[in-house]
Amino acid sequence: MFVDDLKRIKEKFFSAAEKAKSDEDLLLLEKEYLGRKRGALTAALKKISSLSKEEKKQAGQAANELKKEILAFLAQKKEQIFQEKIKKQEKEEWLDVTLPGKKIRTGKKHPLTSLREEIEEIFLSLGFLVLNGPELESEYYNFEALNIPDYHPARDMQDTFYLKSKDKLVLRTHTSSVQARALEKYGAPFRAIVPGRVFRYEATDASHDNTFYQIEGLMVDKDINLSHLKGIMQEVLSRVFQKEVKVRFRPGYFPFVEPGLELDLGCPFCNGKGCSVCKKTGWIEFMGAGMVHPNVLRAGGVDPQKWQGFAFGFGLTRLAMMKFNIQDIRLLTGYHLNNN
Amino acid sequence: MFLSVNLLKKYCPFSLSPQELAELLTLHSFEVEGGEEVGASLEKVVVGKVQSVEKHPQADRLHICQVDVGQKILNIVCGAPNVAAGQKVAVALVGARLPHGMKIAKRKVRGVVSEGMICAEDELGLGNNHEGIMVLTEDFPLGKELAPLLDLPDYILEVDNKSLTNRPDLWGHLGVAREISVLTKKPFLYKEEKVTLPPKNGLKLKITEPRYCPTYLGVKIQGLRGNEPSPLKLKALLENLGLNSVNRLVDFTNYLMAEVGNPVHAFDSQKIKGQVEVRFARDKERFLALDQQEYILQSNDLVIADQEKVLALAGIIGGQEASVSENTTEIFLELANFSFKSIRQTASRLHIRTEASMRFEKSLDPLLPFTAWNLGRKLLAELFPQARVVAAVEARPSLKPTKISFSWPEVNKKTGLSLTKKEVKEILTRLGFGWQDKGKEKQEITVPSWRATGDVSQPEDLVEEVARVFGYHNINPDFPEVKIKPFPPLALEKLTKKTRDFFLEQGGLTEVYNYSFVSDDILTKLGLAEQKYLELANPAAQGWGKLRQSLLPNLLEDVANYFKEKKEFFLGEVGEIFLPQPGKEKQKAGEEKTLPEQKRMWAIVYTCPEDKEPFFFLKGLFAGYKEKFFFAEKFKEQPNFEAKKYGYLHTGRREQLFFNQQPIGVLGEISPWARQKLGINQPVACLELDLTALAKFKFSCAPFSSGQRYPAVKRDLAILVDKEIYYKNLIQEIRQASRLLTKVELFDVYEGKNLPKGKKSLAFHLFFCSPDRTLTSEEADKELQKVWQRLEKKFQAQIR
């Protein structure tokens, strides 16, 4: 009987198909049963033509169903084999994902560059120019134009590197040397900061080096006063330390400002409670500042009757040491193994 | 400088704690760096009297003493050789805790009970003497606590001298007390008195340089015994002020200086021959000073001299020849004022810094010597009851009061405070300034003599006075209102940032900051020692006196220094270099002279053990830089250039870089000989760019291109040429060969096996494209043919 034929084919197929282990096995099975030329089911179907109309219909239906069944089973088996294969592959490709990643070269900015750029950005946003000036400077701009004449005791305050030359040239002892130069060049009103390298002829130790960085600031206009200096510095330092910091003025002496003052920073590390950074005082001596001395304005060709403003200068290096907790200033110059 | 709170209180009865005082002074006047209580640990130290001294039976050097301490008699074992019956001594009782932490307890010393300790000077913190116990004078009352008798405990403030640079009036206790009185509104207890001096009695004074010595008071005093020790109270005070007690006479002068602020000097008047003269030294005149040094003087050194010799370097240091000694009974006491100019000039040239020079160079009040004598004569009577003031000479200053025309609202304008006229006037008056109204907002201010030596001379100084006394800390933060004023863009700063960021991010290098100095050692190793360098007169260390002319030597030194520890370095630096030729910046506005030329450079060194041709790594990086920021076509390279400054670069692996025909840098590897000298046994590549030169050109990336409308046809070309033909020349010819060539890519360079010796093979992808149609295959082939024909003709290239 035709139905029995189908039944036999079905049984035979399933018993063989259960054993299939690869895509190739499945392909062979498909060929063996459904192949156009020699497929078992194809062959069976060929016999249908000899049946009666009624039987034809029944047999056709049954054969088609079997075909569907076989195809579905093959597809399912195929998926199963695929899953097993992936499983096996993933097992083979297992990685110790806790191993470190591939080493790539990442650039490393000098901490002084990072901090300097951060501060420059803050001042730029407040409309300040960022200027530079010569590191090898004349005594005139480094001292005289800043109201520090010859024999002035303030010259002792900064030990100076002198150049072997006929002209009196020095490695600038402070970025303040740019004050008169900038005023001559740009005139008033004016506001700029000058970050830069400065030099002191002194012995080096963990907290002193003969080379370090300062940031000078100068703002000259008609009504600029000390309260503005306080407002701006409070804003700048709060942004640098990413928290509200306090600043305090107290008297200080610098020949190029009058009134002259020191600006203390409320210790951002202990919030003024007293710690090792602020030496238990709650305040960190941060910078010298004041109102630009009329003689400095005059040296810069600016009329002190019309214009007034503030100037300040702080140690970028010292701030970086504080902010990044660098214990030895000498690590900031030259290459050191821990640089990378 | 040190200040005694007890001595300050003598002249101003303030009621602040020492800590409050320190805070007050720091906020209003000068920086108090620290403070220390002294003498507090002298509790339970009393005056005792040694009744008897016996030898300790078990120890040769120990004594058993019976010491009367008032209520009882103690048994004390004492090791001092100088202990003797009848002495008054300081006794630390059981329970005392001495300055250095020693605790006194009842204990057995070699079998004998000791109920306290007889103290030496150093054990009480009253000096350095430990030769024996301290013997007190008879007037010390038996059984009393020692501390109050010595005016202890006291509190010593340490002042930052720098913060007193502009305050000549604060270099003595008297001036500081006046300042405290201003700040606390408590009375100032010193009043100037009119003092009549004795007649000259044959003393002669000649002031040859009155400009440099406005005031001179010379007093001859007889009947002294200088080598006696000072009373313990004075000794303790001087020790606490950091001025060592020497003997009664020296202590007298030192105390007077500490109290008044005016240095005072005593000569042995019997060693002075003839008149005393204040004059300039003769050129090359020799002077033997109290510090045992002989100085050779110049004609601008101010000296005190007699007829025969230099007695002292005025205001700096006394001389050996007329110095006081153990035998001195008669002195010539100098109370004077010298100009800061001569003091500074001489002291800094001869490198002498003394308590005296430190004060005079701040420009002291020329009237201060009179105050010093007023207090000095009283102290003299106290310390030397037998002393007689027998003669005096004087030169008085002719002073015109300093007047400043002032407008009081300036205070508010400069500080942002809002004080009233009354408040401003009140503060200035308290400070001793004279106030005279010349109009509603116009005042004439008279400066008191102690502030008139340069410190206060203009309206801004008055603003400072008012603001600091009112309190800078009372200024409230505010933001200014300003007009925007555009400034020219700062190309160099912008280029610096772009350059640094590019190489850091694209290349992944580490940025270093090297010193601006370059060592003789590295210059010698790189064969650069013969170049002309700018040099320091006072280098930080020997062999470090030259200023760098390139960033590369120091970077190479960084590599050499650490090459033992690691083999891969990729370092970059941006910094200024210093050249011997004159630059553009003026030394002073309006003058001809300019500063030496200074430029900003960017430099890289790169070495990696796996990379045999690090040159190409840097070159590739540089190519990216050019593409990104400039019209890359404006750059040109010149291989194997002559450049002394870079003479250590490999002759076969170096290029000079140009932009718009201007040299702007170099790219290369260091020569094998330089590698050997530096101890680096692998290739090292360097790049140095002159940012200052480059910043003069406009920089921007290549213009936006919309791309080609028609597809390009790609053809490959492989050629064989002589090894030493530069790629640069080949590519130039290739480009010129066909107008339809839009892009050339080198994809292979090969030499070695299978190729004839001295030849290299290069392979290119060529892209041909027409702006107005799609090229046919035949057309492209024709263009390719043009290219290889040209290469064949020009370079004898073989097509492969």
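Since the structure is predicted, the reported quantities are computational estimates derived from the model, not experimental observations.

A. Focus on the overall build of chain A. Along the backbone of chain A there are 10 helices and nine strands. Taking 2.2 N^0.38 as the reference for a compact globule, 340 residues should give roughly 20 Å; the C-alpha atoms of chain A span a radius of gyration of 43 Å, well beyond that estimate. By principal-axis analysis of the C-alpha atoms, chain A measures approximately 130 × 50 × 45 Å. With 340 residues in all, chain A has 56% of them scored as buried. For chain A, the share of sequence-separated contacts (at least 6 apart) that also reach a separation of at least 24 residues comes to 66%. Within the structure as shown, chain A displays about 17,000 Å² of accessible surface, and the carbon and sulfur contribution to it stands at 52%. A distance of 7 Å separates the average location of the 54 positive side-chain charges in chain A from that of its 46 negative side-chain charges.

B. Main features of the sheet that holds strand β1 (residues 2–4) of chain B. Residues and elements named next belong to chain B. Strand order in the open sheet made by the three strands is β1-β11-β2, with antiparallel pairing throughout. Two strands in the sheet have a free side with no partner beyond their single neighbour: β1 and β2 (32–38). Between one strand axis and the next, the sheet turns through 25 degrees on average, direction left out of account. Across six bridges, β2 lies against strand β11 (residues 154–159) in antiparallel orientation. Its bridge partner lying in β11, Val38 is registered against Asp154.

C. Region of interest: empty space enclosed by the protein. Counted according to the given criterion, the structure contains seven cavities of 30 Å³ or more. Taken as a whole, the largest cavity holds about 160 Å³ of empty space. What lines the largest cavity is a set of 16 residues, among which Arg116 and Tyr213 of chain A together with Val574, Gly575 and Glu576 of chain B lie closest to the centre. Elements supplying a minimum of two residues to the lining of the largest cavity: β4 (190–199) of chain A together with α13 (491–507) and β29 (569–586) of chain B. Looking at the lining of the largest cavity, its residues break down into four nonpolar, four polar and eight charged. Of the voids in this model, the second largest cavity is the one considered here, and its volume is about 90 Å³.

D. Spotlight on the sheet that holds strand β19 (residues 310–313) of chain B. Residues and elements named next belong to chain B. Strand order in the open sheet formed by five strands is β12-β15-β18-β19-β20, with mixed pairing between adjacent strands. A strand with exactly one partner marks an edge of an open sheet, and here the two such strands are β12 (205–207) and β20 (317–318). Where strand β18 (residues 302–305) and β19 come together, three bridges link them in antiparallel fashion. Considered in β19, the bridge of Ala305 is made with Val310.

E. Region of interest: the interface of chain A and chain B. If you look at the interface, chain A gives 87 residues, while chain B gives 89 residues. Carbon and sulfur atoms make up 57% of the area that chain A and chain B hide from each other, which totals about 7,800 Å². Looking only at chain A, the three residues that lose the most surface to chain B are Arg105, Tyr151 and Tyr335 of chain A, adding up to 11% of its buried area. Summed over the shared surface of chain A and chain B, the result is nine salt bridges. Two residues, Glu568 of chain B and Arg105 of chain A, come together in a salt bridge whose shortest N-O distance is 3.1 Å. At the surface where chain A touches chain B, the tally comes to 38 residue pairs in polar contact (both at pLDDT 80 or more).

F. Highlighting the confidence of the model for chain B. Averaged over every residue, the pLDDT of chain B is 92; the share at 70 or more is 99%. Confidence estimates for the predicted assembly give a pTM of 0.85 and an ipTM of 0.86.

G. View of the layout of surface pockets. Residues and elements named next belong to chain B. Estimated volume of the second largest pocket: approximately 2,200 Å³. For the lining of the second largest pocket, the elements supplying multiple residues, two or more each, are α16 (614–629), β31 (635–639), β32 (649–659), α19 (727–737), β36 (741–750) and β37 (759–768). Within the lining of the second largest pocket, the residues separate by chemical class into 20 nonpolar, seven polar and 17 charged.

H. Focus on the side chain of Arg172 of chain A. All names here are of chain A. Within the fold, Arg172 resides in the loop between β3 (169–171) and α7 (178–186). No salt bridge forms around the buried Arg172; measuring N to O, its nearest opposite-charge neighbour Glu135 is 4.5 Å away. Those residues within four positions of Arg172 in sequence are excluded, and the remaining contacts are Asn132, Gly133, Pro134, Glu135, Glu137, Asn142, Ser177, Val178, Gly196, Arg197, Val198 and Phe199.

I. Layout of the side chain of Glu277 of chain B. All names here are of chain B. Within the secondary structure, Glu277 is located in strand β15 (residues 276–280). Buried charge without a partner: Glu277 forms no salt bridge, and the closest opposite charge is Arg279, 4.0 Å away. Polar contacts involving the side chain of Glu277 include one to the side chain of Thr208, which spans 2.7 Å. For Glu277, the contacting residues outside a window of four places in its chain are Lys206, Thr208, Val303, Ile304 and Ala305.

J. Main features of the nonpolar core. Among the nonpolar cores identified, the biggest contains 154 residues, and Leu229, Met233 and Phe312 of chain A together with Leu124 and Leu333 of chain B are the most heavily contacted of them. Among residues more than four places away in sequence, those in contact with Phe312 of chain A are Phe123, Ile193, Ile215, Glu216, Gly217, Leu229, Met233, Met287, Gly288 and Ala289 of chain A.

K. Up close: the pairing of strand β25 (residues 443–447) of chain B. All names here are of chain B. The side-chain alternation of β25 yields one buried face, formed by Gln443, Ile445 and Val447, and one unburied face, formed by Glu444 and Thr446. The pairing of strand β23 (residues 402–406) with β25 spans five bridges and is antiparallel. From the neighbouring strand, Ser405 faces β25, where its bridge partner is Glu444. In the sheet, strand β24 (residues 434–437) pairs with β25 via four bridges, with the strands oriented antiparallel. Directly across from Gly434, in β25, lies its bridge partner Thr446. Between the end of β24 and the start of β25, which pair antiparallel, lie five residues.

L. Seen up close, the environment of Arg739 of chain B. Note that Arg739 of chain B resides in the loop between α19 and β36. By relative accessible area, Arg739 of chain B is classed as exposed at 82%.

M. Quick peek at the packing of aromatic side chains. On inspection of all chains with the given rule, the structure shows 43 aromatic pairs over all chains. Judged by centre distance (6.0 Å) and plane angle (85 degrees), the rings of Phe190 of chain A and Phe487 of chain B are edge-to-face. Remark: Phe487 of chain B occurs in the loop between α12 (459–470) and α13 and Phe190 of chain A occurs in strand β4; the pair is interchain, linking two chains. Residue class for Phe190 of chain A comes out buried when judged on its relative accessible area of 3%. Owing to a relative accessible area of 21%, Phe487 of chain B belongs among the partly exposed residues under this scheme. Ring pairing ties together the aromatic residues Phe502, Phe503, Trp602, Phe622, Tyr625, Phe629, Phe635, Phe659 and Phe697 of chain B, which thus form one cluster. The residue whose ring lies beneath Lys230 of chain A is Phe249 of chain A, and the NZ or CZ to ring-centre distance is 4.9 Å.

N. Geometry of the packing of helix α6 (residues 248–260) of chain B against helix α9 (residues 368–383) of chain B. Residue and element names in this part refer to chain B. Taken N-terminus to C-terminus, the directions of α6 and α9 make an angle of 140 degrees; their axes are 10 Å apart at the nearest point. Relative to α9, the element α6 is oriented oblique. The handedness of the crossing between α6 and α9 is right-handed. In contact with Arg248, Phe252, Tyr255, Leu256, Glu259 and Val260 of α6, α9 contributes Leu368, Thr371, Ala372, Leu375, Gly376, Leu379, Leu380 and Leu383. For the contact of α6 with α9, a count of residues per class yields 10 nonpolar, two polar and two charged.

What counts and how
- Residues numbered from 1 in each chain as written.
- Chains lettered and ligands numbered in written order.
- Predicted model: local features only at pLDDT ≥ 70, side-chain atom pairs only at ≥ 80, totals over all residues.
- Heavy atoms only, no water.
- Helix = DSSP H or I, 4+ residues; strand = E, 2+ residues; numbered from the N terminus.
- Rg over C-alpha atoms; globule rule 2.2 N^0.38 Å.
- Buried < 20%, exposed > 50% of the residue type's maximum accessible area, 1.4 Å probe, protein only.
- Contact = heavy atoms within 4.5 Å.
- Areas by Shrake-Rupley, 256 points an atom, 1.4 Å probe, with all protein chains shown as cover.
- Lys, Arg positive; Asp, Glu negative; His and termini not counted.
- Charge placed at Lys NZ, Arg CZ, Asp CG, Glu CD.
- Pairing = 2+ DSSP bridges.
- Axes fitted to C-alpha atoms, helices over the stretch in contact; angles between N-to-C directions.
- 1 Å grid on protein atoms, 1.4 Å probe; cavity = no way out; pocket = protein on both sides within 12 Å on 5 of 7 lines; lining within 4 Å.
- Points joined across faces, edges and corners; volume = space filled by probe spheres on them.
- Nonpolar A, V, L, I, M, F, W, Y, C, P; charged D, E, K, R; others polar.
- Buried area = accessible area lost by both parts, 1.4 Å probe.
- Salt bridge = Lys/Arg side-chain N within 4 Å of Asp/Glu carboxyl O.
- Polar contact = N/O pair within 3.5 Å; in protein donor to acceptor, adjacent residues only side chain to side chain.
- pLDDT = per-residue confidence, 0-100.
- Core = buried A, V, L, I, M, F, W, Y, C linked by side-chain atoms within 4.5 Å.
- Phe/Tyr/Trp six-rings, centres within 6.5 Å; stacked < 30°, edge-to-face > 60°.
- Lys NZ or Arg CZ within 6 Å of the ring centre and 35° of its normal.
- Parallel < 35°, antiparallel > 145°, perpendicular 65-115°, else oblique.
- Left-handed = near helix turned anticlockwise from the far one by under 90°.

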